[in-house]
Amino acid sequence: MGLHGKIVLGAFVLSIAASSCDGDLDVDPQNAINENDFLNNPDNAVQLVNGVYNKMLDFDMYSFSWIGITSITSDDADKGSSPGDTGTDKHKMDALTFDASDLSFNEVWKGRYAGIYRANNALFYLEQLQVDEALKNRLIGEVKFLRALFYFDLVRCFGDVPLVVGKIDLNDTELINQTVFVRRPKAEVYDQIEADLADAIVKLPLKSQYAARDLGRASKGAAQALLAKAHLYQQEWDAAFNMAGEVIGSGQYGLMDNYAEVWRETGENGEESIFEVQATLTKGLIQYTGVQGPRGTPDLGWGFNTPSLNLSNSYETGDPRRAATIMDVPGVLWDGFVAPATWANPRYNYKAYQSSIAESWNNNKDETAKNLRILKYSDILLIRAEAAFRMGNTTEARDRVNEIRGRVGLGELASVTLQQIYNERRWEMAMEHDRWFDLVRTGQAQAAMAADGKTFIVGKHEVFPIPEAQIALSGGILTQNNY
């Protein structure tokens, strides 16, 4: 799909591939290339951008830590695995007893800022590369979409965060102290997200305008969808409504007939897909499947992030989304594989399951070819419905909800309440890493957590703690949330 080409970089631009660990900045001088040679080779433009995409496959992006703080915290999921296996801090995520010293927060922080670091460097060098102007503009749009996505994760998790949008000289201590270690108000972070996405919308092609080899790259619709979601989180109802309408009206997307196939290989990059993390057998998604795979005999994974009884019991009678989301044990899976009673947990996340029988498989559950869905068309329909309801347009809200329900064969609603929209969002998006953020942004978190036997502390748990390791690294310049 054109996203996984190897990046050949010299010391001058090695930071694109580096994380925040000093050891990752080492380079063999014999591998260094001349900067002029690099800038005069237009092929390097695509490789720079591929490097930003490839960051999303890493363990510190969408694997164990992300799963812990976005899903295990919520009422959709429990820690899972065995009682004595804490997953380092996942038992604390489950009980909402986490603190700033927990590994998960530091990994999520480092992963996103490593991605932003790559994006900023890519933008810097793209401006200097001798490359076709149309391609350059498209690549800039792709990178700005990705940077906005990384910041969207950060602002939802931590609130005020450092805002870095330029190439950083790692030897410039003063600049780092003034920029990298200084938190900016979340309103400013959202302003940057919106600015990046507005530029991306202008520069990016429609999904259908990409060549087959480039399927999966960020499109105009992806930027519009993420912008609609950013507006929703800021309660900018008119803007969320209108931007969701742009995606709906583009004619690029639709609902798949079979909800259960959305997260299977047959659904990858399909009509319902707006943006996915692209994975292949040779460049796979690290430990997303393995972390959540069934634990026991036979061994398919670590057994974490199991759907909760709370989620299981919440569905309407006859809603097929339950069976497509929750793998019941024992049972027979969609591919004919028998889920035995020897597995440790009664339920597993079906959306994370990758079949070794009916899908691309190389016997490596630690690095799979399973794509991770980030933005889906059904999400946009629900954003449109919620924004419409908030604006008093209850007919539009009802119609979009009925479109969602109709796909799974549920009866139409004559009218719709805000809580019904929230319920549909939970069932449609269950185990897809939005539930915690949805509870927080809609003010439902305290009541929902109480119903799940957890204590959500108002004024504290709306954001996660700033990682203690990052505060230490800053020499105390970074400030802490209310923890």
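Report on the accompanying structure. Only a predicted model underlies this, so the values are computations on that prediction, with no experimental measurement involved.

## Notes on the packing of aromatic side chains
Counted under the stated rule, the structure contains 22 aromatic pairs. Centroid distance Trp66 to Phe437: 6.2 Å. Interplanar angle 40°. Geometry classified as tilted. Note that Trp66 is positioned in helix H4 (residues 64-72) and Phe437 in helix H18 (residues 435-441), a separation of 371 residues in sequence. We classify Trp66 as buried; its relative accessible area is 4%. Judged by relative accessible area, which is 3%, Phe437 ranks as buried. Centroid distance Phe152 to Tyr190: 6.5 Å. Interplanar angle 70°. Geometry classified as edge-to-face. You can see Phe152 sitting in helix H7 (residues 133-158) and its partner Tyr190 sitting in helix H9 (residues 186-203), a full 38 residues away along the chain. Each of the two residues, Phe152 as well as Tyr190, counts as buried. The side chain of Arg373 reaches across the aromatic face of Trp263, ending 5.5 Å from its centre. Directly above the ring of Tyr233 sits Arg441, whose terminal nitrogen or CZ lies 5.3 Å from the centroid.

## Points about the nonpolar core
Across soluble globular proteins, nonpolar side chains show a tendency to be buried alongside one another. In this structure, Met56, Phe145, Phe158, Ile193 and Phe275 are the most contacted members of the largest nonpolar core, which totals 119 residues. Per-element accounting of this core gives the leading share, 14 residues, to H7. Counting residues in hydrophobic clusters, the runner-up holds nine residues, among them Leu333, Phe337, Ala339 and Trp343.

## Some words on the side chain of Arg373
Inspection of the secondary structure puts Arg373 in strand S12 (residues 372-376). Classification of Arg373 as buried rests on a relative accessible area of 5%. A distance of 2.7 Å separates a polar side-chain atom of Arg373 from the backbone oxygen of Arg264. Engagement of the side chain of Arg373 in a polar contact is seen with the backbone oxygen of Asn371, the distance being 2.8 Å. Residues within four places of Arg373 in sequence aside, it is in contact with Val262, Trp263, Arg264, Gly267, Glu268, Phe275 and Glu276.

## Here we look at the environment of Lys365
Relative to the assigned elements, Lys365 resides in the loop between strand S10 (347-349) and strand S11 (367-368). Judged by relative accessible area, Lys365 falls into the partly exposed class, the value being 25%. Apart from the residues lying within four places of it in its own chain, the contact partners of Lys365 are Gln287, Thr289, Gly290, Asp299, Leu300 and Gly301.

## Side note on the packing of H7 against H9
H9 packs onto H7 with a crossing angle of 155° between their chain directions and a minimal axis gap of 8 Å. Looking at the two axes, H7 sits roughly antiparallel to H9. In this structure, H7 crosses over H9, and the sense of that crossing is left-handed. Touching Asn137, Arg138, Ile140, Gly141, Lys144, Phe145, Arg147, Ala148, Tyr151, Phe152, Val155 and Arg156 of H7 are Lys186, Val189, Tyr190, Gln192, Ile193, Asp196, Leu197, Asp199, Ala200 and Lys203, all from H9. Here the residues of the contact of H7 with H9 are counted per class, giving 11 nonpolar, three polar and eight charged.

## Focus on the pattern of salt bridges
Enumeration over the complete set of coordinates arrives at 48 salt bridges. For Asp76, the salt bridge goes to Arg435, with nearest N and O atoms at 4.0 Å. Of this pair, Asp76 sits in the loop between H4 and strand S1 (77-80) while Arg435 sits in helix H18, placing them 359 residues apart in sequence. Ionic pairing is found between Lys454 and Asp452, a salt bridge with its closest N-O pair at 3.8 Å. Both residues of the pair, Lys454 and Asp452, count as buried. Within the structure, one salt-bridge network assembled from shared partners comprises Arg112, Asp153, Arg156, Lys229, Asp379, Glu386, Arg425, Asp434, Asp438 and Arg441.

## Remarks on the packing of helix H15 (residues 377-390) against helix H17 (residues 418-429)
At a minimum axis distance of 10 Å, the contact between H15 and H17 shows a crossing angle of 170°. Comparing the axis directions of H15 and H17 gives the class roughly antiparallel. Counting all contacts with H15, which are made through Ser378, Asp379, Leu382, Ile383, Ala385, Glu386, Phe389 and Arg390, the residues of H17 involved are Leu418, Ile421, Tyr422, Glu424, Arg425, Glu428 and Met429. Of the residues contributing to the contact of H15 with H17, the split by class is eight nonpolar, one polar and six charged.

## Notes on the environment of Asn177
With respect to the secondary-structure elements, Asn177 resides in helix H8 (residues 173-180). In this structure, the C-alpha to C-alpha distance between Asn177 and Lys220, residues 43 residues apart in sequence, is 35 Å. Aside from chain neighbours lying at most four places away, what touches Asn177 is Val182 and Ile477.

Here is what the cut-offs are and how they apply
Residues numbered from 1 in each chain as written. Predicted model: local features only at pLDDT ≥ 70, side-chain atom pairs only at ≥ 80, totals over all residues. Heavy atoms only, no water. Phe/Tyr/Trp six-rings, centres within 6.5 Å; stacked < 30°, edge-to-face > 60°. Helix = DSSP H or I, 4+ residues; strand = E, 2+ residues; numbered from the N terminus. Buried < 20%, exposed > 50% of the residue type's maximum accessible area, 1.4 Å probe, protein only. Lys NZ or Arg CZ within 6 Å of the ring centre and 35° of its normal. Core = buried A, V, L, I, M, F, W, Y, C linked by side-chain atoms within 4.5 Å. Polar contact = N/O pair within 3.5 Å; in protein donor to acceptor, adjacent residues only side chain to side chain. Contact = heavy atoms within 4.5 Å. Axes fitted to C-alpha atoms, helices over the stretch in contact; angles between N-to-C directions. Parallel < 35°, antiparallel > 145°, perpendicular 65-115°, else oblique. Left-handed = near helix turned anticlockwise from the far one by under 90°. Nonpolar A, V, L, I, M, F, W, Y, C, P; charged D, E, K, R; others polar. Salt bridge = Lys/Arg side-chain N within 4 Å of Asp/Glu carboxyl O.

No statement about biological role is implied by the geometric values presented.
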